[in-house]
Each structure stands twice: as structure tokens, then as C-alpha cells.
Amino acid sequence: MIFRKFPISVLLFCLFISMNANAQTKRIYKGQYHKGKSQPGISLKKISRNELISVFGTTGYATYYGDLCDGLDCFTFRPQVGIGALLRTNYLKKRFSIRTDVRFFRLYSSDHYDYRNLNFRSSNWEGILSGQFDFFPYEKMMRRRPRINPYIYVGIGFMTYDPWGQLPNGKWHQLRQLETEHTKYGNVAFLYTAGFGLKFRYTYKWSFMLEGGYRYTTTDYIDDVSKEVYPDASSFDNSISALMSNKSTNFPYNGTDANTPQDYRGNPRNNDGYFIFSAGIVYTFTKNHKPRFRNDRTLLRKS
């Protein structure tokens with residue numbers, strides 16, 4: 001009896017091993033396992049092999065949007081420069097990356113309404129943490145990557161701001177300390193942002209980018225203008241504060257700017273913001289360099 005049962009036991013055991021090996025093979029094929037170990041969603045090991053991290057530098061223009069401008073008049077461009085890093089993940093089918101940016105930029109605006117005659121300029125910093133979604137998924141092989149990969153990003157961060165206004169003699173004076181609306185405000189504001197960009201494939205290590213985005217801020221004092229009514233000149237302790245609060249009194253109203261009420265200073269219902277337009281170069285940490293064969297028409301690539 002023992003010998004009769006033995007072949008059946010062996011047969012069942014072999015069947016079990018075969019089924020388990022087949023399931024394991026399917027898992028490996030689907031990319032769930034490699035050498036018997038599971039792959040994490042984000043791995044900081046072997047960065048260059050997995051091409052997880054990219055760094056980039058950008059330059060371009062910034063333009064303010066707030067109380068002192070209207071429509072196309074807001075597009076007064078000033079330079080900006082930034083650096084950042086991108087951490088690629090396996091989420092959303094290898095389309096999602098975590099991104100951080102640091103940028104220095106300048107803003108400026110002269111008044112859309114001549115009678116009001118306000119203006120400002122400032123030097124600013126921003127730091128942003130955002131998520132980036134690529135339209136096409138990451139591919140290890142160069143020949144499978146699109147030449148142009150559009151992407152969108154959304155994020156949160158902060159900015160610094162320090163508006164200066166121009167005196168009648170042409171010199172510039174810091175406005176925050178003057179409290180031209182009898183309002184104390186700091187020099188840091190939170191922001192949230194959204195934008196669109198294009199990434200251009202070049203080599204395994206290098207690519208280029210073009211993008212534009214808008215920053216929604218939590219302050220209405222990037223330009224030192226918010227309240228609708230001018231404070232009374234006698235309420236200020238010094239003449240410079242009174243002068244910079246209502247500069248329209250120095251320029252007689254000639255009736256050519258009738259759309260601006262004489263007692264109108266700002267719009268407290270909307271916060272200030274700004275646009276950033278950038279062009280940049282991207283470097284990816286990778287061990288891949290060039291195609292295995294120099295003939296570009298070959299389908300074989302080093303992976």
C-alpha cells in the first residue's frame with residue numbers, strides 16, 4: 001500500500017512545485033518581483049541605475065498681477081532664475097514625480113491708472129514643493145521615450161516680498177516700514193501654484209524644459225496696495241508716509257482717467273499673485289550614456 005501511494009504523493013508534490021514556479025514566473029514578468037524581492041514604490045537605493053533623481057536649472061521672466069495693473073498691462077517682465085530637483089516614482093504608472101524648486105525673481109509695476117500714480121518694485125525668493133504628472137510614462141529605453149513629453153504640476157510653498165515705491169524726486173523708498181495704509185504686514189506669504197510644461201528629450205542624461213505657471217498668494221501687499229480708501233494725511237506721523245500713501249495729490253487730476261475714482265486706492269477683495277515663465281536644462285543621474293551602437297538607426301540600445 002505504501003508503494004502504491006508513493007507515486008501519487010510524488011505526482012501531487014511535483015504539480016504543486018510546477019504551479020508555484022509558474023505563478024512566480026508570471027509575477028516576475030509583470031515586474032512585481034526581481035530576484036525574489038519586491039520592488040518598493042519609491043526606492044532611494046541605486047539611484048543612478050533606476051534613474052530616480054533629476055536636477056535642473058532654469059531662467060526666464062516673472063510678471064506681477066495685482067491692484068496696480070489690468071489685463072495685458074500686467075505683463076511687465078522682470079528676470080528670474082531658479083534651481084530644483086525631481087524625484088521620480090512608480091505611482092500613476094511611472095508618470096508621477098515629486099519636485100522642489102527654489103527661485104529668485106523680481107517684480108515691478110507702474111500704475112495702470114495715471115491719476116493714482118502708484119508704483120512698486122521688489123526682489124523676491126520662493127520655495128515650492130509640488131507634484132508633477134507627465135503625460136507619457138517613464139521608459140528605461142531611450143528609443144521608447146517621446147521626443148516631447150508634456151506635463152502639469154501643482155504645489156504649495158512660500159515667497160518673500162519687500163515692495164519699494166518711487167518718490168517724486170525719482171529715488172526709491174522701502175514701503176513696508178511706512179505703513180501707508182496703517183497696516184502692518186510681514187515679508188513672507190504662503191502660496192499655491194499650478195502650471196504646464198514641456199520636456200524635450202536629448203540624451204540619457206540631458207534634456208530641456210519649457211514651462212509657465214501662476215502663483216496664488218495669501219497676501220494683498222506684494223505691491224503695498226490693498227485698501228480701497230486713502231487714509232487721511234493727518235493720520236500719519238511723518239510726511240514720507242503721507243506722501244507715499246496718496247501720491248495722486250501731487251499730480252492734478254486732468255479728467256483723462258475718469259475710470260479711476262479720486263478716492264480709489266486698491267481692491268481688498270483679491271490677493272496679489274504673479275506668473276513665472278522658464279526655460280531650463282535637466283540632468284538625470286543615470287549609468288546609461290549612449291546607444292550601444294553608434295548607428296542611430298539601430299533598434300538596440302543600452303538599457
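Residues numbered from 1 in each chain as written. Predicted model: local features only at pLDDT ≥ 70, side-chain atom pairs only at ≥ 80, totals over all residues. Heavy atoms only, no water.

### Quick look at the overall build of the protein chain
For step 1, the next point in the chain: Across its full length, the protein chain holds four helices and 12 strands.
For step 2, the next point in the chain: Residue burial in the protein chain is summarised as follows: out of 303 residues, 39% are buried.
For step 3, the next point in the chain: Pairs at least 24 residues apart make up 72% of the contacts formed inside the protein chain by residues separated by at least 6 positions.
For step 4, the next point in the chain: For the protein chain, the accessible area works out to roughly 18500 Å², and carbon and sulfur atoms hold 59% of it. (Helix = DSSP H or I, 4+ residues; strand = E, 2+ residues; numbered from the N terminus. Buried < 20%, exposed > 50% of the residue type's maximum accessible area, 1.4 Å probe, protein only. Contact = heavy atoms within 4.5 Å. Areas by Shrake-Rupley, 256 points an atom, 1.4 Å probe, with all protein chains shown as cover.)

### Structural notes on the confidence of the model for the protein chain
For step 1, the next point in the chain: On average, the protein chain scores 83 in pLDDT, and the residues at 70 or more come to 74%.
For step 2, the next point in the chain: With pLDDT under 50 throughout, residues 23-40 is counted as low confidence; its partners more than four residues away or in other chains account for 10 contacts. (pLDDT = per-residue confidence, 0-100.)

### A few points about the pattern of salt bridges
For step 1, the next point in the chain: With the rule as written, the count across this model stands at 10 salt bridges.
For step 2, the next point in the chain: Two residues, Glu211 and Arg99, come together in a salt bridge whose shortest N-O distance is 2.6 Å. Of this pair, Glu211 sits in strand E11 (residues 206-217) while Arg99 sits in strand E5 (residues 96-110), and the two are 112 residues apart along the sequence. For the pair formed by Glu211 and Arg99, the shared burial category is buried.
For step 3, the next point in the chain: With a shortest N-O distance of 2.6 Å, Glu181 and Arg265 are connected by a salt bridge. Taken together, the residues Glu181 in the loop between strand E9 (172-174) and strand E10 (188-201) and Arg265 in the loop between helix H4 (239-245) and strand E12 (273-284) connect sequence positions 84 residues apart.
For step 4, the next point in the chain: Taking the relative accessible area as the measure of exposure, Glu181 reaches 3% and is therefore buried.
For step 5, the next point in the chain: Taking relative accessible area as the criterion, Arg265 reaches 0% and is therefore assigned buried.
For step 6, the next point in the chain: Residues joined in a network through salt bridges with shared partners are Arg99, Asp101, Arg103, Glu126, Glu211 and Arg215. (Salt bridge = Lys/Arg side-chain N within 4 Å of Asp/Glu carboxyl O.)

### A word on the state of the cysteines
For step 1, the next point in the chain: Per the stated rule, a full pass over the model turns up one disulfide.
For step 2, the next point in the chain: Residue pairing for Cys69: its cysteine sulfur links by disulfide to Cys74, the two sulfurs lying 2.0 Å apart. Across the S-S bond of Cys69 and Cys74 the torsion is about 90 degrees, and the bridge reads as right-handed. Both residues of the pair, Cys69 and Cys74, belong to the buried class. (Disulfide = S-S within 2.5 Å.)

### Brief notes about the nonpolar core
A general feature of soluble globular proteins is that nonpolar side chains tend to end up buried together.
For step 1, the next point in the chain: Of all hydrophobic cores here, the largest spans 20 residues; its most connected members are Tyr64, Phe105, Leu107, Met159, Tyr161, Ile222 and Tyr274.
For step 2, the next point in the chain: At the level of secondary structure, the elements contributing two or more residues to this core comprise strand E3 (53-65), E5, strand E6 (119-134), E10 and E12.
For step 3, the next point in the chain: Residues within four places of Tyr64 in sequence aside, it is in contact with Cys69, Cys74, Leu107, Tyr108, Ser109, Phe120, Ile222, Asp223, Asp272, Gly273 and Tyr274. (Core = buried A, V, L, I, M, F, W, Y, C linked by side-chain atoms within 4.5 Å.)

### Brief notes about empty space enclosed by the protein
For step 1, the next point in the chain: Applying the stated criterion across every chain yields a total of two cavities of 30 Å³ or more.
For step 2, the next point in the chain: Approximately 510 Å³ is the volume found for the largest cavity.
For step 3, the next point in the chain: Lining the largest cavity we find 35 residues, and of these Asp134, Tyr138, Lys199, Ser207 and Thr284 sit closest to its centre.
For step 4, the next point in the chain: Looking at the lining of the largest cavity, the elements with two or more residues in it are E3, strand E4 (78-88), E5, E6, strand E7 (148-160), E10, E11 and E12.
For step 5, the next point in the chain: If you tally residues by element for the lining of the largest cavity, the top one is E11, at four residues.
For step 6, the next point in the chain: Across the lining of the largest cavity, the residue classes tally to 15 nonpolar, seven polar and 13 charged.
For step 7, the next point in the chain: In this structure, the second largest cavity occupies an estimated 60 Å³ of space.
For step 8, the next point in the chain: Looking at the second largest cavity, the residues that line it are Leu68, Leu118, Asn119, Gly165, Gln166, Leu175, Asp223, Asp224, Val225, Met244, Lys247 and Arg265. (1 Å grid on protein atoms, 1.4 Å probe; cavity = no way out; pocket = protein on both sides within 12 Å on 5 of 7 lines; lining within 4 Å. Points joined across faces, edges and corners; volume = space filled by probe spheres on them. Nonpolar A, V, L, I, M, F, W, Y, C, P; charged D, E, K, R; others polar.)

### Section: the pairing of E10
For step 1, the next point in the chain: Note that E7 and E10 share 13 bridges and pair antiparallel. The partner of Ile152 across the bridge, within E10, is Phe196.
For step 2, the next point in the chain: Counted between consecutive antiparallel strands, the loop separating E10 from E11 contains four residues. (Pairing = 2+ DSSP bridges.)

### Quick word on the side chain of Gln132
For step 1, the next point in the chain: With respect to the helices and strands, Gln132 occurs in strand E6.
For step 2, the next point in the chain: Take Gln132: its relative accessible area is 4%, and that puts it in the buried class.
For step 3, the next point in the chain: Ignoring anything within four residues of it in the chain, the contact list for Gln132 reads Leu86, Arg95, Phe96, Ser97, Arg99, Tyr151, Ile152 and Tyr153.

### Focus: unusual backbone geometry
For step 1, the next point in the chain: Not every positive phi belongs to a glycine, and Lys93 is a case in point at roughly 60 degrees.
For step 2, the next point in the chain: As for its placement among the helices and strands, Lys93 is situated in helix H3 (residues 91-94).
For step 3, the next point in the chain: We note that His182 has phi near 55 degrees; this positive angle belongs to a residue other than glycine.
For step 4, the next point in the chain: Positionally, His182 belongs in the loop between E9 and E10.

### Some words on the pairing of E5
For step 1, the next point in the chain: As judged from the nine bridges shared by E4 and E5, these two strands associate in the antiparallel manner. Paired with Ile83 across the bridge in E5 is Val102.
For step 2, the next point in the chain: Bridging between E5 and E6 involves 15 bridges; their strand directions are antiparallel. The residue bridging Arg103 from the neighbouring strand is Glu126, located in E6.

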